Amino acid sequence: MTTNETKVAVIGTGSIGYRHLQVLRFIGISSIAISMRAARRVELEAEGWSCATSLCEAAEKGVSAAVIATDTRCHVETPK
């Protein structure tokens, strides 16, 4: 039997993005954090979160949806 697990990228890992990661985990959905800052990725990985440096990298890891949780003014600049 195969399962189609949904994976969601959360782009932006400030307070709102981090909250999205927590909620996704709580409801049983796998997620990948995409942080704009390398230091933040290190923090998140130390906490056990899966991380990527871009949406393309997250797609290679199997994401099929994304939450954009960066500042509104940064939405267009989201790393692809």
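In this text the structure is predicted, and so the values were computed from the model without any measurement.

If you look at the biggest cluster of nonpolar residues, it comprises nine residues: Val8, Val10, Leu21, Leu24, Ala33, Leu44, Trp49, Cys51 and Ala69. Listing elements by their share of this core, those giving two or more residues are β1 (7–11) and α1 (15–26). If near-sequence neighbours (up to four positions away) are discounted, Ala69 is found in contact with Val10, Ile11, Gly12, Ile16 and Gly17. Among the nonpolar cores identified, the runner-up in size contains seven residues, and Ala9, Ile11, Ile32 and Ala58 belong to it.

With that out of the way, let us pick up the sheet that holds strand β2 (residues 30–34). Read from one edge of the open sheet, four strands run β3-β2-β1-β4, paired in parallel fashion. Looking along the sheet, the strands with just one partner apiece sit at the ends: β3 (51–52) and β4 (65–68). Contacting β1, β2 and β4, α1 crosses the sheet at an angle of about 165° to β1.

Cut-offs and rules
Residues numbered from 1 in each chain as written. Predicted model: local features only at pLDDT ≥ 70, side-chain atom pairs only at ≥ 80, totals over all residues. Heavy atoms only, no water. Core = buried A, V, L, I, M, F, W, Y, C linked by side-chain atoms within 4.5 Å. Buried < 20%, exposed > 50% of the residue type's maximum accessible area, 1.4 Å probe, protein only. Helix = DSSP H or I, 4+ residues; strand = E, 2+ residues; numbered from the N terminus. Contact = heavy atoms within 4.5 Å. Pairing = 2+ DSSP bridges. Axes fitted to C-alpha atoms, helices over the stretch in contact; angles between N-to-C directions.

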